[in-house]
Amino acid sequence: MPGIFFNVNGKDVSEENVDPELTLAYYLRNKLGLRGTKLGCEEGVCGSCTVVLGTWDDEENKAVYRAVNACLVPLFHVHQTFVITVEGVGSREKIHPIQDRMARGHALQCGFCSPGFVMSAYALLRNHPDPSIDQINAAIRANLCRCTGYRPILEALYSFSPESGGCCGGNKNGGGCCKDKSSSSEDEGYDDKLLSFNDFPKYDPTQEIIFPPSLRTYVDSEDQSILEGSRIELTLPKNLTQFKQSREGKNVISSGLITRFLTSRHPKEFTQKWITTRYVKEFNEVKVDASSVKIGSALNIQKFADTLSCHLPKEVGCKVAKFIQNFSSPQIANFATWSGAIVSAAKSSISVSDVLILLNVLDAKLSLLTESGELIEVEIEKFVEQKLFETGTIVYAKFSKSDRGKLFCLKLGETSEQDSTNFNFAALVGNKSSRIFVGLGGQPKRLTGLESYVNKEKSYNLDDFYRASNLEKNHHSSTALTRFASFLKNGNIEENQGKVNYLQYFKPTTNESAGRPIANYFNERAITGEALYVNDIPAHNAVHLGFVLSTLPNAEVLNVDFSEALKLEGVAGYFGVSDVPGNNIPGLQIANMNFPDDTTIFADKKVEAVGQVIGVIAANDVPLARRAAKLVKVEYKELKSLVDFEEARDAESYLGDVQHYGKDEKTVNESFEKSSKVLEGEVSIGGQEHYYLETQSSLVIPGEGDELVVHCATQGTSFTQLMVAEAMKIPAHKVIVKTKRLGGGFGGKVNNASWIACMCAVVARKLNRPVYGFLSRADDLAITGKRHGVYAKYKVGIDSEGKIEGIHYQAWLNGGWSKDHSEGVTMVMGILVDGVYKMGNLRFDGYPVKTNSNSNTALRGYGNPQSTLVNEGVMRRIAREVNKDVEEVKKLNFALQGDHRFMGGKIHNDALGECWEYCTNWSEFEKRKRKIEEFNRSSELVKRGIAMSSVRFGLPHPGPTGHGIASLLINLDGSVQLSIGGTEMGQGLNQKMLQVCSEALKRPIESITIVDTSTDKITNAPETGGSQNADTNGLAVLACCEKILSRLQPIIDKNDGEWEKSIREAYASYVPLQCTEYGVVERTKFGVQETESPYNTTGSCAVEIEVDILTGYNRVIRVDMVMDVGESLNPAIDIGQIEGAFMQGYGLVTCEKITFNKATGQLEQNTAGKYKIPKASDVPKDFRVKLLGINKANGAQVYSSKGIGEPPLMMSCGAVHSAIMYCVDDWRKHNGIEEFVDTISPLSADKIRELCSKK
Ligand SMILES: Cc1cc2nc3c(=O)[nH]c(=O)nc-3n(C[C@H](O)[C@H](O)[C@H](O)COP(=O)(O)OP(=O)(O)OC[C@H]3O[C@@H](n4cnc5c(N)ncnc54)[C@H](O)[C@@H]3O)c2cc1C
Ligand code: FES
Ligand code: FES
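The residue count restarts for each chain, going from 1 along the sequence in the order it is written. Ligands are numbered from 1 and chains lettered from A, in the order in which they are written. Totals for whole chains, interfaces and linings use all residues, but because this is a predicted model, local features are given only for residues with pLDDT of at least 70 and pairs of side-chain atoms are given and counted only at 80 or more. Heavy atoms throughout the structure, all of them, feed into the side-chain values; hydrogens and water do not.

Student: So what's going on with the environment of Gly743? Residues and values would help.
Tutor: Numbering of helices and strands runs from the N terminus; a helix is a DSSP stretch of H or I covering at least four residues, while a strand is a stretch of E covering at least two. Position of Gly743 among the secondary structure elements: in the loop between strand S30 (735-739) and helix H25 (751-767). The spatial distance from the C-alpha of Gly743 to the C-alpha of Thr667 is 48 Å, given a sequence separation of 76 residues.

Student: Give me the side chain of Thr1167: which residues, what numbers.
Tutor: Examined against the element boundaries, Thr1167 turns out to sit in the loop between helix H35 (1131-1149) and strand S43 (1182-1187). Ignoring sequence-local partners within four residues, the contact set of Thr1167 consists of Glu43 and Leu781. What makes two residues a contact is simply this: any of their non-hydrogen atoms within 4.5 Å.

Student: Could you give an account of the sheet that holds strand S21 (residues 555-561), with specific residues and numbers?
Tutor: In this analysis, strands are considered paired if DSSP registers two or more bridges between them. Read across the sheet, three strands follow the order S23-S21-S25 without closing on themselves; strand pairing throughout is antiparallel. For this open sheet the edge positions go to strand S23 (606-607) and strand S25 (633-638), each flanked by a neighbour on one side alone. Pairing geometry for S21 and S25, over six bridges, is antiparallel. Within S25, the residue paired with Asp561 across the bridge is Lys633.

Student: Give a detailed account of the nonpolar core, specifying residues and quantitative values.
Tutor: Only buried residues count toward a nonpolar core, which is a set of Ala, Val, Leu, Ile, Met, Phe, Trp, Tyr and Cys residues joined through side-chain atoms within 4.5 Å. Between buried and exposed lies partly exposed: a residue is buried under 20% and exposed over 50% of the maximum accessible area for its type, with that area taken using a 1.4 Å probe on protein chains only. Core analysis: the biggest nonpolar cluster contains 162 residues, and Met102, Val1103 and Phe1142 have the highest contact counts within it. The biggest single contributor to this core is helix H36 (residues 1207-1230), with twelve residues. Here Met102 is in contact with Ala107, Leu108, Phe117, Val118, Ile153, Ala156, Leu157 and Ile527, once residues within four sequence places are set aside. If you look at the next biggest cluster of nonpolar residues, it comprises 81 residues, including Ile253, Leu299, Leu368 and Phe383.

Student: Tell me about the site of ligand 1, and name the residues and values.
Tutor: In these notes, residues near a molecule or strand are those with any non-hydrogen atom within 4 Å of it. Surrounding ligand 1, one finds 32 residues, the nearest of these being Val252, Ser255, Thr259, Lys347 and Asp354. Backbone polar atom of Ala341 to an oxygen atom of ligand 1: 3.5 Å apart, as the coordinates give it. Any N or O atom pair separated by 3.5 Å or less is treated as a polar contact, with the protein-specific requirement of one donor-capable and one acceptor-capable atom, and with residues adjacent in sequence counted only for side-chain atom pairs. Lys411 is positioned with one of its side-chain polar atoms (N or O) 3.0 Å from an oxygen atom of ligand 1. Burial of ligand 1 by the protein chains amounts to 90% of its free accessible area of 990 Å². Where the shell around ligand 1 is concerned, the elements lending two or more residues are strand S8 (251-253), helix H9 (257-264), helix H13 (338-347) and strand S14 (393-400). With six residues, the top contributor of residues to the shell around ligand 1 is H13. In short, Shrake-Rupley with a 1.4 Å probe defines the accessible areas, and a residue's cover is counted only from the protein chains shown.

Student: Kindly report on the packing of aromatic side chains, identifying the contributing residues and their values.
Tutor: For Phe, Tyr and Trp, where Trp contributes only its six-membered ring, two rings pair if their centres lie within 6.5 Å, and the inter-plane angle classes them as stacked under 30 degrees, edge-to-face over 60, or tilted in between. Considering all chains together, one arrives at 34 aromatic pairs under this definition. Their ring planes at 90° and their centres at 5.8 Å tell us that Phe160 and Tyr203 sit as a pair that is edge-to-face. Linking Phe160 in the loop between helix H6 (151-158) and helix H7 (213-217) with Tyr203 in the loop between H6 and H7, this pair joins segments that are 43 residues apart in sequence. For the pair shown, Phe160 and Tyr203 are each scored as buried. Between the aromatic rings of Tyr837 and Phe894, the centroid separation amounts to 6.0 Å while the plane-to-plane angle is 15°, which identifies the pairing as stacked. With Tyr837 in the loop between helix H27 (822-831) and strand S34 (841-850) and Phe894 in the loop between helix H29 (886-893) and helix H30 (912-922), this residue pair connects regions lying 57 residues apart in the sequence. Three or more aromatic residues joined by ring pairs make a cluster, and in this case those are Phe408, Phe425, Tyr453, Tyr460, Phe465, Phe484 and Phe487. Definition used: whenever NZ (Lys) or CZ (Arg) falls within 6 Å of the ring centre and also within 35 degrees of the ring normal, the charge is taken to sit over that ring. Over the aromatic face of Tyr692 sits the side chain of Lys749, whose NZ or CZ is 4.4 Å from the ring centroid. In this arrangement the basic side chain of Arg877 is found over the ring face of Phe1236, its NZ or CZ atom lying 5.4 Å from the centre.

Student: Help me get a handle on the UniProt feature "domain: FAD-binding PCMH-type" (unreviewed entry) in the protein chain, residues and values and all.
Tutor: UniProt positions are given in the numbering used here, feature names are shortened, and annotations may be inferred rather than shown by experiment. Under the present numbering, the feature "domain: FAD-binding PCMH-type" (unreviewed entry) in UniProt falls on residues 227-404. In this annotation, residues 227-404 is assigned 37% helix and 23% strand; the end-to-end C-alpha distance for the span is 46 Å.

Student: So what's going on with the environment of Ala25? Residues and values would help.
Tutor: Looking at the secondary structure, you find Ala25 in helix H1 (residues 24-31). Assessed through its relative accessible area of 1%, Ala25 is described here as buried. The residues touching Ala25, leaving out its near neighbours within four places in the chain, are Thr37, Leu39, Ala70 and Cys71.

Student: How would you explain the pairing of strand S7 (residues 232-236) if you had to name every residue and give the values?
Tutor: Counting buried residues in S7 gives five out of five residues, a clear majority hidden from the surface. The sheet contact formed by strand S6 (residues 225-228) and S7 spans four bridges and is antiparallel. What sits directly across from Ile226, in S7, is Thr235. Between the end of S6 and the start of S7, which pair antiparallel, lie three residues. As paired elements, S7 and strand S9 (residues 272-276) share four bridges and run parallel to each other. Bridging across to S9, Ile232 finds its partner in Gln272.

Student: A description of the packing of H13 against helix H14 (residues 354-361) should follow, citing residues and the corresponding values.
Tutor: H14 packs onto H13 with a crossing angle of 95° between their chain directions and a minimal axis gap of 8 Å. When the axis of H13 is compared with that of H14, the two are roughly perpendicular. Counting all contacts with H13, which are made through Trp338, Ala341, Ile342, Ala345 and Ala346, the residues of H14 involved are Val355, Leu356 and Leu359. Each axis is a line fitted through C-alpha atoms, taken for helices only over the stretch in contact, and angles between the N-to-C directions span 0 to 180 degrees. In what follows, roughly perpendicular refers to angles from 65 to 115 degrees, roughly parallel to angles under 35, roughly antiparallel to angles over 145, and oblique to any angle outside these ranges.

Student: Before we move on, can you summarise a negative patch on the surface with the specific residues and values?
Tutor: On the surface, Glu646, Glu647, Asp650 and Glu652 cluster together into a negatively charged patch. Relative to the assigned elements, Asp650 resides in helix H22 (residues 645-650). By relative accessible area, Asp650 is classed as exposed at 60%. Surface patches are drawn from residues lacking salt bridges whose relative accessible area is over 30%; two like charges belong together within 9 Å, two nonpolar side chains (Val, Leu, Ile, Met, Phe, Trp, Tyr) within 5 Å. What makes a salt bridge here is a side-chain nitrogen of Lys or Arg within 4 Å of a carboxyl oxygen of Asp or Glu, nothing more. This count recognises Lys and Arg as positive and Asp and Glu as negative, with His and chain-terminal groups excluded. For charged residues, the charge sits on one atom: NZ in Lys, CZ in Arg, CG in Asp, CD in Glu.

Student: I'd like to hear about the UniProt feature "binding site: [2Fe-2S] cluster 2" (unreviewed entry) in the protein chain, residue by residue, with values.
Tutor: UniProt's feature table lists "binding site: [2Fe-2S] cluster 2" (unreviewed entry) at Cys110, Cys113, Cys145 and Cys147, given in the numbering used throughout. For the residues just named, distributed over 38 residues, the greatest C-alpha separation is only 9.4 Å, placing them together at one site. Summarising the element assignment, Cys110 is placed in the loop between helix H3 (97-104) and helix H4 (114-127). Not counting chain neighbours up to four residues away, the residues in contact with Cys110 comprise Cys147, Phe522, Tyr533, Leu742, Gly743, Gly744, Met985 and Gly986. Examined against the element boundaries, Cys145 turns out to sit in the loop between helix H5 (133-139) and H6. On the basis of relative accessible area, Cys145 is assigned to the buried category, the value being 5%. If we skip the residues at most four places from it in the chain, Cys145 touches Cys113, Phe117, Tyr150, Ile153 and Ile1173.

In structure tokens, the structure reads:
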């Protein structure tokens, strides 16, 4: 070859002149048009790009399959490999059992992550057709999903395991049954079967696509080949002799994952020569003899672990396998090499490598090819210390097979042991001698003092361990030494994640369509990779944008020099503020917005935050555009900045007016005077990143006569339309904005999505070419806003029982550099701050603070989670003061049906009291609390906590956004086409609307299609958000159906219900077969004021959590969520929303940390790997959801249903936070620390450790 040969989904492919920098994902998507492989991070973190590589194992005479991240695998790596993508697994016509069970099992919402999950599970089933639960948990642990909360994904995949048979629906086909535990009289009348996996076709491994014979018979040339890229020349030798001859002056790489990744960030044109070990026979060998195991350096980390686990004594081998199971990503371990891992860690002083510590503790010897061509054997420690990697190439590592004792390994990450490694520790303990190492960065340190201590002494006292090891005292070392002591005493104690148990109860319906748990119509399309997201829509002759971002927090922009960027071949131009034909701040011009937005499209002479967009480079492909953008030089004059939130508060730097709601100060103070106690507190709540899996994306296609078609992942098509029109100085009717679906939105794709669309529009008009604006995860994190962090103070007056008589809140919200939604979020936090409580005389002062950091925006809950968390602190504070349980205090202060909110509105159609009572009983709250108290009394380092929280969410919202619009067309063949103003972003809106339409028209759901949300069908639609869209759009759909039927019904009746015949007749007699209608609640008709919500979605949840005090890690043991959603339009969708919201709320108060650099205001979690969202392993071990179905319909609702999207997040974050604080408070109490800790969020592992430390 001078090229490579491989097979994709059964088709042979030969490629010549492969650029060594080209990734497999880019190739699959852009060259082969296989768009099912999604790009969610391009850093190997999210798993959306997972594909399967199959290779033939000659020794075993079988194919071996492994899941890898196509975003990182260089294409040259797949020579002679069988590449399987989601399209190769199955299609809608011939769906694979994994896809089928996930699609019908409601295991997806937006669907963006789904192909990645399918591929991880597919690799597992191809190697293990009858997987264990642990294998399933391990296979998907590096696939992220932001929507579902993982439970339905796990449930669908567990159904492949003989250990469980999935949820048996009570049939006990796999042994025990989760339903045994709690079926009670409380559950009578409820259905507990969203579906039963017993009804699915059996998985038959013989039906799988076979390993391509062409690859087995392929005879590779024995000559080495050279691949020439634009910057890199790569030599691919086939044997050691060729490698030796060609190595000089070249950079040795193995899989090239990390090398290519680092180079891809290098903007400049340069030339480098690489040589890869990947196809060198000797580097790929495993040799085992009586005394040793030799593992070739080109083998991947998983193969390395499997080999050791197979050939080393059991006490060591199994532990190696277990340790590598904690490697942060199986996809990376399946592909990156062990030699690359140790060399890249050895070259860095900060990387902590799990592979390097294993080689050290197992006393590996390396066979090294020296500069002069000799093969020598060196000890691993010497290899690193003497930097032999600078001149030598590792051929293999040799491990002794002799029995040298038992192995103990531990790794610690920021959030769990399966996170990227911050610290590790390994010990091989024999009868007479031991080897002990600690990994702190670069070369692991040998703890010889501890070795001799362990060899001699038999007392495992922590202080002695510290003295002997000489380790600095911190939580890492104390966790390691404590666990090591326990290992010495008790041996390895294996803890597996185990099976997640789940229960979902809902009230069955007698309706034909509305109310049934029907799988989303688009699930099959998404799970097979057929569903198109914006970046998947093909466009001929398009350019792609690279973003030039500010590197200073506050500065004048003196000059932008893009000349270097323009020199790159394929770059079409640089565009900035001077290219905007219309208004560069379009958000100021929209008449119907409550709070106008002063965000610029491009920075205009001034930047106000790191990450603000200054301009864009347009180029023929994405990598080129991104590289060229990095070559743009910006000259600044730095100005004084206010990046620190506290300083900005003190400086009274605000983004708008200070907002006051409720009573005046005098009245509130008077109630304090009457109160028996007045308590004060301070609360600090961090922000949250949306982490939608699909990053911001737009595609703008210029048309004739100034027309523009904008495909945009936006939650507000009409909003984006107006923004683009304003920026382009054209009337809105020239702009059509289309949104098929979003890969998650969560509030983050309204304003930000529109600015990206505006940038694309500017370039599209200038170049007269289609323009894609697709943000890398790092750019998305840098540019876009997050949830507002809040600092709040409260002063609360209570009576002797703990009942609130008056409260004064002051809340400062970190708005960032521009207004965006900051004033709106401040308002919502203020006007709804009373939440579920009656608080007497209440006053709220809200301050939207301007800082020179990311401009914060809407995120699920929009100010409500912040007020929930403040109130959790207030309730805990009161409970402490009056010496009562927090739950008792909460209940004492509840506002119930018929009460008034502090802003005046009456509470209508509300089931808070019922939800609370039901949840208390269903969860056996009191009984479990007593058990927890007992557990905690004897457990010092592991604490358990339990808490309940509730939510009230009034819907639909009063004001200008409280309406929906729908349009209905009936075609002559009788088929129905529906469109609505709301956008589908995973919340199941389109599916619910199909069910409403089907129910109202009495037509089968299959005869109705819901098309893209598009401004040429529906104009002036409010943005989708606020949990009310099934109400508002649903009312509009109902209005359309009523209108159409009012004309058609007489004809249908005449034709005995024959639909098609009636439609033809209606056509012939000029009866209109299309209409557009508004959906608005006529409040006065239902006895509700214009400013009131006609109903409330309410719920309560109980959360039990366990906290490991040493590490600060937590584990959710059990969750019971009870919600009143009226008569659900689709219980599967609503339960999915509840579970997904639970996990997002859990993330908000635990692992999702947002911090800004003190000097620059730059977001510190600025890569996918640094921002941690919950993973599948974080799912509650017992996850129960019940839709209470108390129908208090007052007629203002769509088939008596209630909105759901945001409310469960509030009770989740509240209960999780309080349950963790229960653990913290318990530890502090037992350690004599009296000081009260108010709400601090997130309670990340380091924060928990800080709170649970004896100063
Ligand atoms: C998302 C992600 C998660 C990760 N999680 C973990 C984790 O949990 N724990 C952990 O320990 N690590 C982790 N890593 C680090 C990972 O192990 C290394 O990045 C990877 O193994 C590098 O291997 P490679 O094949 O890509 O090396 P290459 O890019 O091929 O090479 C890396 C370096 O090694 C040199 N080199 C390669 N082969 C040889 C050879 N035969 N002889 C001499 N020098 C050689 C190269 O010159 C280069 O300097 C993670 C990495 C990523 C991207
Ligand atoms: S892991 Fe490849 S795109 Fe995220
Ligand atoms: S369904 Fe998983 S990210 Fe949306």
